[in-house]
Structure formats: C-alpha cells, structure tokens
Amino acid sequence: MLTKPFHFTEQQERFRAEVHELLSTPTVQQEVARGGGGQHARRTYELLGERGWLAAHWPAEHGGRGAGWVESAIVAEELALAGVPDSARINTIDNIGSTILSVGTAQQRAEYLLPIARGKMLGCVLFSEPDVGSDLASLRTTATPEGQGWRLNGVKTWTVGADWSDIGVCAARTPREGGSKYADISLFTVPMTAEGVHVEPVSGVNPEPFHRVSLNNVELTSDALLGAAGQGWELINSALGLERTGIPFWGRARRWLDLVSALSRHAESAPVDRIVELDAELHAARLLAWSCVDLLSRGEDMLSAAAAAKWWTSELASAIARLGQQVLATLPPEQAAIPAADKVAAAVREAPGLTLAAGTSEMMLATVWSSLPAEGSDAPL
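What you see is a predicted model; the values in this text were computed from it and never measured. (Residues numbered from 1 in each chain as written. Predicted model: local features only at pLDDT ≥ 70, side-chain atom pairs only at ≥ 80, totals over all residues. Heavy atoms only, no water.)

Even after reading the chapter, I still don't get the overall build of the protein chain, so can you show me in this structure?
Counting secondary structure elements, the protein chain contains 13 helices and 8 strands. The C-alpha radius of gyration of the protein chain comes to 21 Å, within 12% of the 21 Å expected for a compact globule of 381 residues. Its C-alpha atoms give the protein chain principal-axis dimensions of roughly 70 × 55 × 45 Å. Burial status across the protein chain gives 51% buried among its 381 residues. Sequence-distant contacts in the protein chain: of pairs separated by 6 or more residues, those separated by 24 or more amount to 73%. About 17400 Å² of surface is accessible on the protein chain, with carbon and sulfur atoms providing 54% of the total. Between the centroid of the 31 positive side chains of the protein chain and the centroid of its 45 negative side chains there is a distance of 2 Å. (Helix = DSSP H or I, 4+ residues; strand = E, 2+ residues; numbered from the N terminus. Rg over C-alpha atoms; globule rule 2.2 N^0.38 Å. Buried < 20%, exposed > 50% of the residue type's maximum accessible area, 1.4 Å probe, protein only. Contact = heavy atoms within 4.5 Å. Areas by Shrake-Rupley, 256 points an atom, 1.4 Å probe, with all protein chains shown as cover. Lys, Arg positive; Asp, Glu negative; His and termini not counted. Charge placed at Lys NZ, Arg CZ, Asp CG, Glu CD.)

What's the story with the environment of Ala-307 in this structure? I'm lost.
Checked against the element boundaries, Ala-307 lands in helix H11 (residues 303-329). Assessed through its relative accessible area of 2%, Ala-307 is described here as buried. The spacing of Ala-307 and Gly-246 is 61 residues in sequence and 8.6 Å in space, taken between C-alpha atoms.

What is the right way to look at the packing of helix H5 (residues 87-103) against helix H6 (residues 106-117) in this model?
How two helices pack is summed up by the angle between their axes together with the distance between the axes. At a minimum axis distance of 10 Å, the contact between H5 and H6 shows a crossing angle of 150°. Classified by the angle between their axes, H5 and H6 sit roughly antiparallel to one another. Viewed along their axes, H5 and H6 form a crossing whose handedness is left-handed. Taken together, the residues of H6 that come into contact with H5 (itself represented by Thr-92, Ile-93, Ile-96, Gly-97, Ile-100, Leu-101 and Ser-102) are Gln-108, Arg-109, Tyr-112, Leu-113 and Ile-116. In the contact of H5 with H6, the residues fall into 7 nonpolar, 4 polar and 1 charged. (Axes fitted to C-alpha atoms, helices over the stretch in contact; angles between N-to-C directions. Parallel < 35°, antiparallel > 145°, perpendicular 65-115°, else oblique. Left-handed = near helix turned anticlockwise from the far one by under 90°. Nonpolar A, V, L, I, M, F, W, Y, C, P; charged D, E, K, R; others polar.)

Please explain the packing of helix H1 (residues 10-23) against helix H4 (residues 69-82) as it appears in this structure.
H4 packs onto H1 with a crossing angle of 35° between their chain directions and a minimal axis gap of 10 Å. Crossing angle aside, the handedness with which H1 passes H4 is right-handed. Where H1 approaches H4, its residues Gln-12, Phe-15, Arg-16, Val-19, His-20 and Leu-23 are matched on the opposing element by Val-70, Glu-71, Ile-74, Val-75, Glu-77, Glu-78, Leu-79 and Ala-82. For the contact of H1 with H4, the residue count by class is 8 nonpolar, 2 polar and 4 charged.

In this structure, what is going on with helix H10 (residues 272-297)? I would like to understand it.
Since the α-helix turns once every 3.6 residues, residues separated by three or four places project in the same direction. Its 26 residues place the ends of H10 38 Å apart at the C-alpha level, agreeing with the 38 Å of an ideal helix rising 1.5 Å per residue. Among all positions in H10, only Ile-275, Leu-278, Leu-282, Ala-285, Ala-289, Trp-290, Ser-291, Cys-292, Val-293, Asp-294, Leu-295 and Leu-296 are buried. Count one or two residues on from H10 and you reach Gly-299, which has phi positive near 70°. (Expected span 1.5 Å × (residues − 1).)

When you look at the environment of Val-293 in this model, what are you seeing that I'm missing?
Tracing the chain through its elements places Val-293 in helix H10. The class for Val-293 is buried, based on a relative accessible area of 0%. Sequence separation between Val-293 and Glu-18 is 275 residues, and the spatial gap between their C-alpha atoms is 20 Å. Excluding residues within four positions of it along the chain, Val-293 makes contact with Trp-69, Val-70, Ala-73, Leu-242, Thr-245 and Ile-247.

I'm lost on the pattern of salt bridges in this one. Help?
Pairing is possible between side chains that carry opposite charge, provided their charged atoms lie close to one another. Tallied over the entire structure, the rule returns 21 salt bridges. Here Glu-46 makes a salt bridge to Lys-120, at a shortest N to O gap of 3.7 Å. Of the two residues, Glu-46 is situated in helix H3 (residues 38-50) and Lys-120 in the loop between H6 and strand E1 (123-126); the sequence distance between them amounts to 74 residues. The class for Glu-46 is buried, based on a relative accessible area of 15%. As a salt-bridge pair, Arg-151 and Glu-146 come within 2.5 Å of each other at their nearest N and O atoms. Exposure remark for Glu-146: the relative accessible area of 41% places this residue in the partly exposed category. Overlapping salt bridges, with partners in common, bring together Arg-43, Glu-46, Glu-50, Arg-51 and Lys-120 in one network. (Salt bridge = Lys/Arg side-chain N within 4 Å of Asp/Glu carboxyl O.)

Is there a simple way to think about the packing of aromatic side chains in this case?
For any pair of aromatic rings, the description rests on two quantities: the centre-to-centre distance and the angle between the ring planes. Enumeration over the complete set of coordinates arrives at 4 aromatic pairs. Ring centres 5.5 Å apart and planes at 85° place the aromatic pair Phe-15 and Trp-53 in the edge-to-face group. Here Phe-15 is found in helix H1, whereas its partner Trp-53 is found in the loop between H3 and H4, with 38 residues between them in sequence. Looking at Trp-53, the relative accessible area reads 7%, which means it is buried. Between the aromatic rings of Trp-150 and Phe-188, the centroid separation amounts to 5.1 Å while the plane-to-plane angle is 65°, which identifies the pairing as edge-to-face. Here Trp-150 is found in strand E3 (residues 149-160), whereas its partner Phe-188 is found in strand E5 (residues 185-191), with 38 residues between them in sequence. Across the pair, Phe-188 and Trp-150 agree in class, each one buried. (Phe/Tyr/Trp six-rings, centres within 6.5 Å; stacked < 30°, edge-to-face > 60°.)

Okay, here's the thing in structure tokens:
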C-alpha cells in the first residue's frame, strides 16, 4: 500500500548538519584516507559515541540519545556518504547491540550496551560458513550444553572485522528433539580473545578484509546465550531492520556516482547519458529507502518494501561500480594515479559483496514476489 511522502523535520535536518560537520573534520577524514576496516574508524565511532550519535535510537541510559530510527538512519547515511567504513557500525550497533537491547539479560545489557554505544567495543557477526554462504539454515556450527554453560565448535568464514573485534555474535545449532533446521539455531556472544578462537585472513578483493574463524571447543558461560535457545533465526532477521532499508547501500552508491562523474572528466570518453540515468535512479531509490525508514520508525510492516529497497540500492551501487570500471579503462595513463581513480577502483572491489550482504538479491526478489497479491485478488498493492 502506498504511503505519504516522507519529510525530515527541522530538528532532524539540524542533526544531519551536526553529523556532517563532525564527519568532515580532519580527524575523521584522515581515518577515511587510511582506508581499511573498523580498526581505522574506531576514533570516528568514539567521537560519535561521545555525543550519543552512534546508537542514536537507544535510550540515554544505554549510551544513545533517546531519538528514533530516523536519526540512526541519518548517521548511517552520512557515514556512507563520507566514505567511513561502516561494517563495524552495522555489525556492532544494528546486529549485536540491537539484539542485546531487545532480548538481553540485565547482566548482558550492563556488560555490553554502554561500551558498544560509546564506540569502545566493536564486534563482528559469525554467521556464514564454508559451503553454506547465505543459507544460514544449513549451518553446521554446534553449541553443546556443558555444565552451566556451552561448548562451541565450528568454522565461520567471510567475516569482516574478526581481527580487530572485541566480541562476536555466533549463530550455532542447538539440536532439540523434533526441532526444525530453523528452530535449532541459537545466538551466542563470543569474546574474540577466548581460548579456542582462531582467526586467519581469507584472500579476496574487498577493501575490508575477510577472515575465517575457527571455533575449537570454545567454552561459554550460560549468559553467553542471547534470548532463548532456538530463537536465533528470529533474532537474525529482526536485527536486519535498518540495513535492509537500503540506506547504507544508497549512501555508497551516491558517493560512488559522484566519484565516477568527477573521474569521467579525465577520461577519453565521458558516459554522460548513463551518469544522468543513474543519477535519476538514485533520487528515486533514496525516496524508497527513506520511506522504509519511516515505516520502521512507526512500527509498520516494511518487509516487502525493505526487500525492494535493499535489492534496488545494492544493485544500483553495483551498476555504478561497473560504470566506474569502464571509465577507469578509458583513462589516459597520466591520469590513472589520481585519488578519484583509486577510490573508484576500491568501489569496483567492494560492489559485488553488496548484493550478498543483508540478504542476496535473489532472496530480496523472492520476498517481494511472495508479498504480491494472488492473481484475481482485490488486495491493494
């Protein structure tokens, strides 16, 4: 069903200006210039955390500012526009922190939330596995009850930030009599320095390096379990709210098209028509993404709209990266080393993963298709 166009309030516009000003400071821009993952953005996260902006929608007692999803989405968008690596924010705030805020025990909230919101504790998600990929329902990692706690065994891969993370949230199978492959999945907090946790790099082209994490008889306390045993699948899907709106993907796409446009001025042949076409798509995609944030902030169903927004923004970012690759190929040799060329090349390396993160494009299209009314139905679109 169509909703009214979303508009920012004056207060939200002022908040955006404040965030933009912070991200334009030399401290942040120097971290951006160094590139890489969350270890290079840690000071930026701390600066946001000191102001209660890193987890703006969290209560003040947990390090937020008691604002709403719109303010958190503004931070996410501005980070992407500024080129700040945001996997640490997405994993730590949106996935780990929001799950603890939602279902965590009093002890878990006291231990994790304030350091996370202040940018003092960063995390990674231990979901994907070899030969499993995005099909989390087929994961093989197990968490076996032992004494008053659990023993964790398995292998995770394609993990961003495992080398600098303080904590990880691991999806593991906790088999139960008659349980389904979805009902058997549980989530656990894992100290990344715990005995039995081994991290090694995985070769790849992504600007933020991937890692393989082996979990060998890792001992966890009873309070490592997030929510109830078997609740993992539900928690994983609920934690994808803000990322699924497409805001982080749109921010990348907007920044990348600006870079490609600037770079094309040095190319032998500038693809002006295609740049204009993609720019128009970006304007439309942003309207859809922010309408999803609006639905999220009002607690309304955004499943199909968010799936469409995530699909569109990530595929749009990939299309822009492909155009950038074409422009790079037409640069005269003397222009190949300019800063914009390096940034566009980094976009080309990052783009393929965007159509996989937070749900593959195929999964998003299937979600949209399943939400369409049956043929002959009078249900509104």
